[in-house]
Structure formats: C-alpha cells, structure tokens
Amino acid sequence: MERLSTESLAALADDVTTPGYDRSVVRPGILHLGLGAFHRAHQAVYTDTALRLGGGDWGIVGVCMRGDSVARQLRPQDLLYSVWSRGADEDQLRVIGALTSVIVAPDEPAALNAAFTDPGIRIVTLTVTEKGYCLDGDALDTELPAVRADLAAPDAASTTIGILARGLAARHASGGAPLTVISCDNLAENGSRLARALRSYAAIAYPHLLDWLDSSVRFPCSMVDRIVPAMDEAGRERQEQRLGLRDEAAVATEPFTQWIVENDFAAGAPDWAAAGVRLVADIRPYEAIKLRLLNAAHSAIAYTGLLAGLETVADVMTDIRLRDFIERLMRDELAPALAAPPGFDLDAYREQLLQRFANPHLHHRCAQIAMDGTEKIRQRWLPTLASLPADSLLLRALAAWCHYVLCTDLALEDPRSATLLQLRNSDAPLASRLADLLACLGLPAGYEPERQALLLYYCQSLSADGPDALLATPKFTHEE
Ligand code: CS2
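About the thresholds
- Residues numbered from 1 in each chain as written.
- Predicted model: local features only at pLDDT ≥ 70, side-chain atom pairs only at ≥ 80, totals over all residues.
- Heavy atoms only, no water.
- Near = heavy atom within 4 Å.
- Polar contact = N/O pair within 3.5 Å; in protein donor to acceptor, adjacent residues only side chain to side chain.
- Areas by Shrake-Rupley, 256 points an atom, 1.4 Å probe, with all protein chains shown as cover.
- Helix = DSSP H or I, 4+ residues; strand = E, 2+ residues; numbered from the N terminus.
- Nonpolar A, V, L, I, M, F, W, Y, C, P; charged D, E, K, R; others polar.
- Pairing = 2+ DSSP bridges.
- Axes fitted to C-alpha atoms, helices over the stretch in contact; angles between N-to-C directions.
- Contact = heavy atoms within 4.5 Å.
- Buried < 20%, exposed > 50% of the residue type's maximum accessible area, 1.4 Å probe, protein only.
- Core = buried A, V, L, I, M, F, W, Y, C linked by side-chain atoms within 4.5 Å.

So, on to the site of the ligand. Neighbouring the ligand are Asn186, Asp225, Arg226, Ile227, Lys290, Leu294, Asn295, His298, His364, Ile369, Lys376 and Arg380. Between the ligand and Lys290, the relevant distance is 2.6 Å, taken from an oxygen atom to a side-chain nitrogen or oxygen of the residue. At 3.0 Å from an oxygen atom of the ligand is found a side-chain nitrogen or oxygen belonging to Asn295. Considered on its own, the ligand offers 340 Å² of accessible surface; in the complex 89% of this is hidden by protein. Of all the secondary-structure elements, those providing two or more residues to the shell around the ligand are α10 (284-307) and α15 (373-380). Ranked by residue count, the leading element in the shell around the ligand is α10, at four residues. Looking at the shell around the ligand, its residues break down into three nonpolar, four polar and five charged.

The following block contains the structure:
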C-alpha cells in the first residue's frame, strides 16, 4: 500500500480531514520533548487545529528522547500522520500536519541545541511520563544514577531534566529570549514540580541560570486527558485499511479530549483556546479530579484485570464483578474525596468515564497502564487512601498491585523494577516483603500497621481465591 505523504494526501477519501493550511510556510514555534503517541493524539492535534483556524508560526519540532523509531516512521511521510478517533457515535480520521521537524536527542545534539536557541521557539512542551521527571516525591532525586551522571557531565546529559537544563543554558547564553515550558504529564502540579526539579539541577550544574529562570521562563501547570493506547501492527493494519494509505506513525484514540492549561505564558501561544483548550488561573481542582478519578480507576482496572487474566480495559468493563468493583470504587471512595470546582458535574464526569473505559474500539492493554506503578500509585491512590478508613476498596486495589508485584510472575516494567524483582524473588516472609514494597511508594517504614495487616490478608486471599478475594466482604477483623 502507498505510504502517507504530502503527495499522497490528495488520494485520501473525502471523509478524512487533512491539514487544510499551507504547511510549507509554517515556521516552528514549539519544541516538544517526547514524541510518543500521546503527544501526537493530543497537544499536536490542538496545535494543528489552531494552525488551521488562525495560522501563525507555531509548527512543532518533535524530539525523540531515546530511540529513533518514531523519527524513522515520520520522516518518509513528510512528518504527516493520522489520528483515528472512534467511540460509540464517532468515527473520525484526521491527518495532522503540525510537525515541522523531528530531532533524535541522543544522535542529534547540535540540532537540539539549535532548536533551544532559536528565538522563534517560544514554547517547550513535555510528555516524558512520570518517571521522566526523576523526582523523589516533590524534589529532584539527586541520588538517581542517571541524575548523578548528568550532574557530573551536564554537556552529555541524558535525562529529561538534564537535557532541558542544558537547552535552557544554551538559550540563556544566546540572548535569553523568554520561554514557556509546559509539562503535559500526569503529575500533580506538574509545572511547579518541573520548575523545582530544574532549579535544583541548575543550582548545581548551571548556577548562573537561576535568575534568568525566575525572570524569563514560565512553567504553567497543565491537565491533559485523552486515552491513547500504544499502537501495534494489527492496529496499524486496521488504520491502513480505513485510511487507504500506509501510515507507520498512525495513532488510534477516543473522541474525548481535554487540555486545561494555567494562563501563564512568557512569550505568547498558538490560539489554543480557539482549538478547545481551557485556560484557567488555577489548575489544581481539575488535575486532582483527573488523576484521582480517571487515572486512579485506570490503575485499579489494570492490576485487577491482569490478575483476572483479562487483556484490555474494555475486557475488564465487560466482566460484571470487576466492573461493579470499579464502579463502587469510583462512586463510593474516589469521587467523594474530591472537591469539584463550581459548575463541574462530578457525577456526570464519573458516568462518562465508565463509558470511555468501555469503548470497545480502544485496544487499551491493562499491561500498558500497569507500567511504572511505583510512580503512578503515588499520584493516583495515596492522597485518597490517606482519607479513607483502613479497609477500603482502594486498599484492595493496592493489595492487587502488591500481589501482582510480589506473588505473580507477570511482566513488570517500572523505574524501580530491580528492587521490585528482588522482593518478588526473595525468600523473606510476605509480610516483610510487603513492608519493603510500601517503602518503594515513598511510604514510611512501619506504615500504619492496620493497613499493612489488611494488605497482607488480601494478598494471601488473592493467592487463594483470585480477584474474587477483593470483592468479598472481608473475613478479616483486626485485633486491637
Ligand atoms: C493511563 C493514562 O497509562 C496510564 O497510566 O492511566 O495514560 C490515561 O490513559 C490518560 O491519562 C488519559 O488521559
């Protein structure tokens, strides 16, 4: 099948939306770090809409932070790719033209440096996942080997914080044009955390940068939302049939999309508001709702689903008992712990989430969401857990994660996987392995004995009865 490209665009069926603006005149204005499927289905789509509606020099320079696979997919296609959004009553295919160039960070440091120093670049956005921020709680984890290596040789930095700091130092040295840096990852107060991490790093590696960071660089927080499953070959083939062209960089997603950004820009922005972005003064209530309801439920679906041998989120939603567990978790524990901003209908949002999770067109694998649990659980579960009585449904979800890590041989991907695997394979009693595992979530040693006892009880019950153990009324009573 012919490949998607500028030339082959004309061959597309009428129901496929194409960029509709002259890409050849768009100059870059945004540098994006982390050119994965999520960016391509989210921020790049908003920018594409803004370009279509109002023009402007807001093309995106997309940076592959590690390997070159996405660059190899996009370059032969003139950096075009398609986004297929499907739901109960929508089936839309759209080709996005917002990318103006692609850089592979490890291979092309000079190009990356040139992008950072280009005054035409006025915004840097990031989607590097939670672990990309190298945080320990709120602060930069200067004990991480990768951070230590970067601090010892900042010119050869490989972490996101190190690469960003090096780029900002170069920009400062070449005139210091103001810049807005927007984190688009699922972290509470993502902009503030990023700014803090960067300042800690710069204080050691580039101390002369600190005043300029304060005066000329803004770090608005942002809340991003769109479910974008990882693409596989079967998905690419489905998309090829629908598109009528081969698209190696194809992205499949849901119709729902949301982006809320704090209105705090150093040097302008595309007309994102016209494209549907909400600009607000305070992001916190929105991000709490998203992280502690959508993402919290997602993680619970992922671990219980994996333990039940189910493959996708939609599969879990068709399992009556697990769906009931997730619904109760959301309705009785996650939602009541949240404060909705005025005019926000939390019940409607929760109902809509259930429909989004059940979308049969999204092949969203539990294993994808299960990744990086030690990072995600801190953000998604721990704040709510602290406000709940000891034996909660959320504690049982946590037990599902503990069981998955300690008592199964299911694949494990996590920034702390060396420690997790050591705990999985250790001969120590389950209770002590559990206590060590909780420390990986940043919980203090001796974390609430009653909860630990319950977690142990549920882990053992999961071994005996499978996921049904989470649904049953507990037989366990804690002895005072
Ligand atoms: C998911 C998120 O993989 C995960 O951890 O919970 O990527 C989720 O799909 C998005 O945040 C939805 O906006």
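Let us now look at the sheet that holds strand β12 (residues 222-225). Sheet architecture is open: three strands sit in the order β12-β14-β15, paired in mixed fashion. Of all the strands in the sheet, the pair left with one neighbour each is β12 and β15 (278-280). This sheet shows a mean twist of 15° between the axes of neighbouring strands, independent of strand direction. Here three bridges tie strand β14 (residues 258-262) to β15, and the two strands are oriented parallel to one another. Among the inter-strand pairings, Val261 is bridged to a residue of β15, identified as Leu279. Sheet strands in contact with α10 are β12, β14 and β15, and its direction is about 40° off that of β12.

For the rest of this paragraph, the subject is unusual backbone geometry. The phi dihedral of Leu79 falls on the positive side, at around 65°, and the residue is not glycine. Along the polypeptide, Leu79 turns up in the loop between α3 (69-74) and β4 (81-87). With a relative accessible area of 11%, Leu79 lands in the buried category. Even without being glycine, Asp372 reaches a positive phi, approximately 60°. By secondary structure assignment, the location of Asp372 is in the loop between α14 (366-370) and α15. On the accessibility criterion, Asp372 (6% relative accessible area) is buried.

As a rule of thumb, nonpolar side chains are buried together in soluble globular proteins. Ranked by internal contacts, the top residues of the largest apolar core, which has 71 residues, are Leu293, Met330, Phe357, Trp381, Leu398, Trp401 and Tyr404. Every residue in contact with Tyr404, bar those within four places of it in the chain, is listed here: Tyr303, Leu306, Leu307, Ala370, Leu410, Ala411, Leu412, Glu413 and Arg424. Counting 44 residues, the second largest nonpolar core, distinct from the first, contains Met65, Cys134, Leu194 and Ala195.

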